[in-house]
Amino acid sequence: MMSLFERFRAGLRKTRHSFVGGLQRLLGGGVKLDEDTLDAIEELLIGADMGVQSAVRITRTIESRLRETGGEADLPSVLRVIRGDVRQILSEAKPKVKPLTWDDALEPGADRKKGRKIRTPVAAEPPARESAADVRVVFVVGVNGTGKTTSIAKLGYLLQQRGHRVLLAAGDTFRAAAVEQIQVWAERIGALCVAQAPGADPAAVAYDAINAAVARGCDTVIVDTAGRLHTKTNLMAELAKVVRVIRKLTGHDPQTLLVVDANTGQNGLAQARVFAETIPVEGLILTKLDGTAKGGIVVAIAETLGLPVLYVGMGETVADLAEFDPGTFADALFAESGDV
Amino acid sequence: MFQDLTRRLEGAMRKLAGQPQLTEDNIKEALREIRLALLEADVHYQVAKDLVARVREQALGQQVLQGLQPAQQVVKIVHEELKRLLGGETASLQLPAKGMATVMVLGLQGSGKTTFCGKLARQLQKEGRRPLLVAADIYRPAAIDQLETIAGQVGVPVFSDRVKRSAPQIVKLGQRKARDNDCDVLIVDTAGRLHIDQTLLQELNDIDKMVPMDEKLLVLDAMTGQEAVHIAEQFAAQVGYDGVVLTKLDGDARGGAALSVKEITGKPIKLVGVGERLDDLEVFHPDRMASRILGMGDVLTLIEQAESKLDLDEAQLLADRFAQGEFSLEDFQRQIKQVKRMGSFKGVLKLLPGMGGGALDDIDVDDEQFSRVEAIINSMTRQERRKPDLINGSRRKRIARGSGTNISQVNKLLKQYRDMRRMMKQINAAGGLQEFGRRVLGAGPR
């Protein structure tokens, strides 16, 4: 069994190769830190999908740190700054965006235009079903094709390994054969699965699933959803409804996880922002981190929106999901030796 | 599509407005903005760098064109470069007209291959061909079910095999079934695979060897980041393909992938996926896309839409009545029907020049307003529609009740109608639309 660090290293092999390799070629045994060098470092960071804003800021940090020590730049010193910076961004991420609530909208002088957006009311009432209050509900959302259903299977497996009793809710009632897909997975990992007919209301599926969990003694429900582009307002409103229904039944917010494909470019930022503005997102599952993907977008998301990465998917089998560790990730991505 | 890029470039260009000529100095900031905009749009950094260098070279080397503002001049240069980058001409599928055509669809996991297969089948079916779908994804759970469901929705036959056979064998059997069923296009849906997975890439070559493919299409998610070019390169080197399909372009992805792929691999983008419905597949038009990026509006798409969806005789009739100043509520009703046929009003507006970027973000165009207006007009008698001046208080009350609205909404509509009629009279008195444009806007053709 590989350690987490080794798995991260393997998953980020390609990115590390091109990034550290590029940096090595640029810096060689040590160069004067001039504008061209900084531009080239910035380009390498952008090439890892970290986004212009984060890349520019990290480059500035490198500049100011190295100026203090005489303006000489070599591979270890530059990597050290980047590693520390990325580790800090990822580990200090605290959600900065919250969905608009009814309370915001009712505040005098609240922006009228904002008031028109989807609102998720904050529930102060007790749960509709006392026994449902103890069920942990994980709500998995994301745009199309990021790997939600596969991640749910992996997460379900991980939690079952730790002794939880998991029930999967087939909340993707839209895509052809999505229900069959999650049922196959549920069977493989030995979890229960609650499904309704295609086209059913996902909120109703979640409601049923939580009740079924109570009845059958499961402590965790993982709710799947149909992939949706964050620009489709009506589909985003549907998510808010599912959250409201879950909250009403259990008396608390579900733990919402946004699934982001590690190949995603800067659009990942727009995705994360809109999802987090619609429902309370706790963190990300970064998927397909399997050798080639850059994954740099999570740095931009953590820096701009404060959303932390909680889990990472790194392969095709159910065991290929790990809890995220910012330090290990930063070390693996910017390790000095480019080889595995 | 490409909305944010448009906004950024417009911003950079505004800074150039009013400058007497292009110099190294005043163009520098605009070029930096263009570069950053391209990078934020996920354009490959090498491609962005080259593009900016070419734009700089051309802008500086060029004489300031007479009658063209420097800003416009740069826009023109960037536009030309973008157009070139996006692939120059529109590329279409090359399928033999006779015999059985074969198409293989490949790409990473989650890029949208299966959905695209369904859309392609629908489109070919519309063109009079008889496609058969082959489920060659034997790995992902329920992938076969998904393709079968989609085939059912399109109404085309599908071949699948749940016995553990290899993908090439399945394709071979699918070809046989297509022949037996008198089908003339074979569309093969393959499993998602990584561009570095040698074993699975070999499987694609094995399929191609077993049943030679006329078109191999790489499906690429429009939201892909810097890796897009590498993906496109690897698939080209290991398997080879004839064109790219860009999916999920209905989101707000800036689609820099589209900009880079053709430039680096030389493979054209042939089709784009623009929605979740099976009809949401469009031909990729490089020239239009370049215009759109620069906020020049996608007028060609609008015209095409107008041509295919508008009733031209009706439109001519309306124009005539408009010219005669005899515009009744009956004509207004027809006009609303025409606009509705073109889809959502906001969708139409977006295609107009200057309406790209964020221009429409804050405007809430309510398509339901049209339905309301229609309901009000429908609740009138024919006489009332022809002579709206007849409509008195009690008629108003009746119309409001009949249309499920209230009197103030009816009044609003009548006022809008009267304003419109008055404007039309002014236009006609001034000597027609063109003359009106010249007088009121100080513009228009001379």
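Residues numbered from 1 in each chain as written. Chains lettered and ligands numbered in written order. Predicted model: local features only at pLDDT ≥ 70, side-chain atom pairs only at ≥ 80, totals over all residues. Heavy atoms only, no water.

**With respect to unusual backbone geometry**
- Despite not being glycine, Lys288(A) has its phi angle at roughly 60 degrees, a positive value.
- Locating Lys288(A) in the fold gives a position in the loop between strand S8 (281-287) and helix H13 (297-305).
- Of note, Asp182(B) is a non-glycine position whose phi angle comes to about 65 degrees, a positive value.
- With respect to the helices, strands and loops of the structure, Asp182(B) is situated in the loop between helix H7 (167-180) and strand S4 (185-190). (Helix = DSSP H or I, 4+ residues; strand = E, 2+ residues; numbered from the N terminus.)

**Notes on empty space enclosed by the protein**
- Tallied over the entire structure, the rule returns one cavity of 30 Å³ or more.
- In this structure, the largest cavity encloses a volume near 150 Å³.
- Taken together, 19 residues make up the lining of the largest cavity; nearest its centre are Asp261(A), Asn263(A), Gln109(B), Asp221(B) and Thr224(B).
- Grouping the constituent residues of the lining of the largest cavity by class yields six nonpolar, nine polar and four charged. (1 Å grid on protein atoms, 1.4 Å probe; cavity = no way out; pocket = protein on both sides within 12 Å on 5 of 7 lines; lining within 4 Å. Points joined across faces, edges and corners; volume = space filled by probe spheres on them. Nonpolar A, V, L, I, M, F, W, Y, C, P; charged D, E, K, R; others polar.)

**Some thoughts on the sheet that holds strand S3 (residues 136-141) of chain A**
All names here are of chain A.
- An order of S5-S4-S6-S3-S7-S8-S9-S10 is seen for the eight strands of this open sheet, with the pairing classed as mixed. Either end of the sheet is taken by a strand with one partner, and the two such strands are strand S5 (192-194) and strand S10 (321-323). Taken over all neighbouring pairs, the strand axes of this sheet differ in orientation by 25 degrees on average, direction set aside.
- Bridge count between S3 and strand S6 (residues 220-223): four bridges; the pairing is parallel. Note on S6: the bridge partner recorded for Val-137 is Val-221.
- Seen against the sheet, helix H8 (residues 148-161) touches S3, strand S4 (166-169), S6, strand S7 (255-261), S8, strand S9 (309-313) and S10 and runs at an angle of roughly 170 degrees to S6. (Pairing = 2+ DSSP bridges. Axes fitted to C-alpha atoms, helices over the stretch in contact; angles between N-to-C directions. Contact = heavy atoms within 4.5 Å.)

**Overview of the side chain of Asp189(B)**
All names here are of chain B.
- With respect to the secondary-structure elements, Asp-189 resides in strand S4.
- For the buried Asp-189, which has no salt bridge, the nearest side chain bearing the opposite charge is Lys-113, at an N-O separation of 6.0 Å.
- Among the polar contacts made by the side chain of Asp-189, one reaches the side chain of Thr-114 at a distance of 2.9 Å.
- Ignoring sequence-local partners within four residues, the contact set of Asp-189 consists of Val-105, Lys-113, Thr-114, Cys-117, Val-134, Ala-135, Ala-136, Asp-137 and Leu-147. (Buried < 20%, exposed > 50% of the residue type's maximum accessible area, 1.4 Å probe, protein only. Lys, Arg positive; Asp, Glu negative; His and termini not counted. Salt bridge = Lys/Arg side-chain N within 4 Å of Asp/Glu carboxyl O. Polar contact = N/O pair within 3.5 Å; in protein donor to acceptor, adjacent residues only side chain to side chain.)

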